[in-house]
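# Chains, contacts and geometry: an overview
What follows is each chain in one-letter form.
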Amino acid sequence: MLRILLVHNSYQQRGGEDSVVENELALLRSYGHQAELYSRHNDELSGLSRLSIFQQAVWSGKTYCELNILLQRFKPDVIHVHNTLSLISPSLYWVAAKFKIPVVQTLHNFRLLCPQAMFLRKGNICERCIGRNTWRSVIHRCYRSSFSQSAVVSGMLHLHRGIGTYKKNVSRYIALNSFCKNKFIEGGLPAEKIRVKPNFIPDINPAAVKRNGFLFVGRLSPEKGLHVLAGAFYHQLHGQLSVAGGGEDSYLLAKYPAIKQLGILSAGAVRSEMQRSIALILPSIWYENMPMTLIEAYMNGLPVIASRIGALAELVEEGVTGLLFNVGDSADLAKKMQWAADHPDLMLEMGNNARKKYLSSYSAEVNINLLLGIYKEAIADMKSRHLLLPV
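Summary of the structure given here. Remember, it's a predicted structure, so these values are computed and weren't measured experimentally.

### With respect to the layout of surface pockets
Counted as a void, the second largest pocket has a volume near 260 Å³. Together, 14 residues line the second largest pocket, and Leu45, Ile53, Tyr143, Gln149 and Val152 are the ones closest to its centre. Secondary structure elements with two or more residues in the lining of the second largest pocket: helix H2 (50–58) and helix H6 (147–162). Ranked by residues supplied to the lining of the second largest pocket, first place goes to H6 with four residues. Split into classes, the residues belonging to the lining of the second largest pocket amount to seven nonpolar, five polar and two charged.

Structure below.
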């Protein structure tokens, strides 16, 4: 049995990363491993000065001190990091190195290559910082449309790239799919340290109910392509769409009677919606890494209609587990939704295939084996590195 310390900095708005951390913590414990969580929350940023926020993001003395005590008490075999921005900071990698504890880092987004984390600028894909200094992100105010906040993240990345934090002090990286792995290699992370392991969710066998209408689940924000979804209903009426979630782009959907806004739903309510819909719509305009909604849809036997962009073109197999449409093309999305509405039997078959895909790739049983394999590689790598050091 292993002792694993999970590390996660929660954003102010809860997202998929938080669910992944909770799922993996519960999974490890369910298999008998000793797993603890060190966490901080960005609500702590409230009231801090800009200088203090910059200092915390670059190097958190509080994190270093707290982990120094925790590592002596818990003595983990491996540390699994999910997010460090803004308060945990890369100081955690150095305290781990001090105790010669291997670090595994899950790459939930592209933050190590792009301060904005999504390769998205003014609604379009932007890869100008891949493999380069990230000063361009400051000029364009890429992070939260703020010069100062972009400078904080860019400065943090520049410093820790320069001192070798990400190359020297991380034993293994977890990319969520092959597309993302290739982007990180292009951006300069060592290929030999990157392993592919998707996210997962615990299985709840779906109920057999009559399916009707489409579903969107997630933040109602620009990168999620709500304008594309709204445009699909402008081009063509093709049944009912239920939207679960909240955000600044909700107004785009308000003028269409066929779009029913449900607000933010509980996990159980989302599951019920998935079990009675004919397809989940993912109209994202950015490089989604591994949408938890996609995995949940597959678990519930729900096919996905997604943008043909980035990893989504890899995660959705056209005509097998769902349909793909040209990214940003509302008319093409409308055609695919109309086809789905006209072919319920074929969509049901795709849903059955999606359920099989979940069982073969995204179940807890598959995930625990991949996760433990990566941990053991990281532990062996750390041991071998210290054996090679001169006496």
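### A few points about helix H1 (residues 16–30)
Between its terminal C-alpha atoms H1 stretches 21 Å, which fits the 21 Å expected from 15 residues at 1.5 Å a residue. At the C-terminal side of H1, glycine 32 shows a positive phi close to 90 degrees.

### A few points about the sheet that holds strand S14 (residues 322–326)
Pairing in this open sheet of six strands is parallel, and the strands run S11-S10-S9-S12-S13-S14 from one edge to the other. Two strands close off the open sheet at either side, each with one partner strand: strand S11 (259–263) and S14. Taken pair by pair, the neighbouring strands of this sheet meet at an average axis angle of 25 degrees, ignoring direction.

### Re empty space enclosed by the protein
Under the definition given, this model contains two cavities of 30 Å³ or more. Its boundaries defined by the atoms lining it, the largest cavity holds a volume of some 200 Å³. If you trace the largest cavity, you find 16 residues lining it, with Asn83, Thr84, Gln105, Arg111 and Leu112 closest to the centre. Sorting the residues of the lining of the largest cavity by element identifies strand S3 (78–83) and strand S4 (103–106) as the ones contributing at least two each. Looking at the lining of the largest cavity, its residues break down into seven nonpolar, seven polar and two charged. Approximately 100 Å³ is the volume found for the second largest cavity. If you trace the second largest cavity, you find 13 residues lining it, with Cys114, Arg121, Cys126, Cys129 and Cys142 closest to the centre. Put simply, the parts of the chain that give the lining of the second largest cavity at least two residues each are strand S5 (120–121) and helix H5 (135–139). Class assignment of the residues belonging to the lining of the second largest cavity gives a composition of seven nonpolar, three polar and three charged.

Conventions and cut-offs
Residues numbered from 1 in each chain as written. Predicted model: local features only at pLDDT ≥ 70, side-chain atom pairs only at ≥ 80, totals over all residues. Heavy atoms only, no water. 1 Å grid on protein atoms, 1.4 Å probe; cavity = no way out; pocket = protein on both sides within 12 Å on 5 of 7 lines; lining within 4 Å. Points joined across faces, edges and corners; volume = space filled by probe spheres on them. Helix = DSSP H or I, 4+ residues; strand = E, 2+ residues; numbered from the N terminus. Nonpolar A, V, L, I, M, F, W, Y, C, P; charged D, E, K, R; others polar. Expected span 1.5 Å × (residues − 1). Pairing = 2+ DSSP bridges. Axes fitted to C-alpha atoms, helices over the stretch in contact; angles between N-to-C directions.

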